[in-house]
Amino acid sequence: MTSDFYKSLIANNKKWVQSKLEKDPEFFKKLEEGQQPPILWIGCSDSRVPANEIIGANPGEVFVHRNIANMVVHSDLNMLSVLDYAVNILRIRHVIVCGHYGCGGVKAAMGNKSHGLVDNWIRHIRDVYRHHHVELDGIKNVEHRFDTFVELNIKEQVYDLAKTSIVQDAWKRGQDLYLHGWVYGVGTGIVKDLNVNFSCNAQLEEFYKLES
Ligand code: CO
């Protein structure tokens, strides 16, 4: 039996269509013509961090990839496909990695409890902890350590984006492509720019630079 909750989803969609058409009768017709979003958003799957909504964006304005703890894993074919399509076909100009305070994935990586299959994904976040364990272990206040770990994880993912062949090749061709790291406060709704901005190969450590 279909629950009232489930039925309300379709009813809500009808209301949403109506409200959009009232403001602009051509709204969906224009979207049908294609997309040219200026932003690729790489965010957490967390239901409290809806990409479009928190930046006031409409359909057609943000190309989105989400996974647990907004990770950029260089062997993740899903992420790489989204990134390649965004950079090389859609020609987006900005990639924003947006994490959030209170991230369950990051919290899991701070402890040793097993959560099943997802442990294998969390492993990538644990690797970030390992890189920064001296700084993180030095923070005695657990909440502060958690917040700092969330921020460091976002910065590492921006850095990992810059290391990909897709981003490096775009920069080599002179394509305008800017990478950014943001942290979102679930309890405040406020986005903070972590000022980890990459826009050219020169910013990469020698070790990661790819040459033709
Ligand atoms: Co999260």
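Residues numbered from 1 in each chain as written. Predicted model: local features only at pLDDT ≥ 70, side-chain atom pairs only at ≥ 80, totals over all residues. Heavy atoms only, no water.

(A) Looking closely at the sheet that holds strand 4 (residues 178-184). The five strands lie next to each other as 2-1-3-4-5, forming an open sheet whose pairing is mixed. Lying at the two open borders of the sheet, with one neighbouring strand each, are strand 2 (62-67) and strand 5 (191-193). The average undirected angle you get between the axes of adjacent strands in this sheet is 25°. (Pairing = 2+ DSSP bridges. Helix = DSSP H or I, 4+ residues; strand = E, 2+ residues; numbered from the N terminus. Axes fitted to C-alpha atoms, helices over the stretch in contact; angles between N-to-C directions.)

(B) Inspection of the coordination of the cobalt ion at higher detail. With distances of 2.1 to 2.3 Å, the protein atoms coordinating the cobalt ion are Cys44 (SG), His100 (NE2) and Cys103 (SG). The sequence pattern formed by the donor residues of the cobalt ion is C-x55-H-x2-C. Of this pair, cysteine 44 sits in strand 1 (residues 39-44) while histidine 100 sits in strand 3 (residues 94-100), placing them 56 residues apart in sequence. Considered together, cysteine 44 and histidine 100 belong to a single accessibility category, that of buried residues. (Donors = N, O, S within 2.8 Å, 3.2 Å for Na, K, Ca; no water. Buried < 20%, exposed > 50% of the residue type's maximum accessible area, 1.4 Å probe, protein only.)

(C) Highlighting the pattern of salt bridges. As enumerated under the stated definition, the model contains eight salt bridges in all. For aspartate 127, the salt bridge identified is with arginine 123, shortest N-O distance 3.5 Å. Placement of both aspartate 127 and arginine 123 in helix 6 (residues 119-131) is noted, with a separation of four residues, approximately one turn of the helix. Note on aspartate 127: relative accessible area 22%, which makes it partly exposed. Across the pair aspartate 160 and lysine 163 runs a salt bridge, and its minimum N-O distance is 2.8 Å. (Salt bridge = Lys/Arg side-chain N within 4 Å of Asp/Glu carboxyl O.)

(D) Up close: the packing of aromatic side chains. Counted by the stated rule, this structure contains eight aromatic pairs. With a centroid separation of 5.0 Å and an interplanar angle of 90°, the aromatic rings of phenylalanine 27 and phenylalanine 28 are classed as edge-to-face. Judged by its relative accessible area of 13%, phenylalanine 27 is buried. What makes phenylalanine 28 partly exposed here is its relative accessible area of 27%. (Phe/Tyr/Trp six-rings, centres within 6.5 Å; stacked < 30°, edge-to-face > 60°.)

(E) Structural context of unusual backbone geometry. One non-glycine residue, alanine 69, lies in the positive phi region at around 70°. Mapped onto the secondary structure, alanine 69 falls in the loop between strand 2 and helix 4 (77-89). Judged by its relative accessible area of 0%, alanine 69 is buried. Despite not being glycine, asparagine 70 shows a phi value in the positive range, around 45°. By secondary structure assignment, the location of asparagine 70 is in the loop between strand 2 and helix 4.

(F) Structural context of the nonpolar core. Ranked by internal contacts, the top residues of the largest apolar core, which has 46 residues, are Leu40, Leu177 and Leu179. For this core, the secondary structure elements donating two or more residues are strand 1, helix 4, strand 3, helix 5 (104-110), helix 6, helix 8 (142-163), helix 9 (165-172) and strand 4. For this core, the leading source of residues is helix 8, giving nine residues. Setting aside its immediate chain neighbours within four residues, leucine 179 contacts Val95, Val158, Leu161, Ala162, Val167, Trp171, Val196, Asn197 and Phe198. Residues Ile39, Val49, Ala51 and Trp182 belong to the second largest nonpolar core, which totals 10 residues. (Core = buried A, V, L, I, M, F, W, Y, C linked by side-chain atoms within 4.5 Å. Contact = heavy atoms within 4.5 Å.)

Interpretation in functional terms is not warranted from these geometric data alone.
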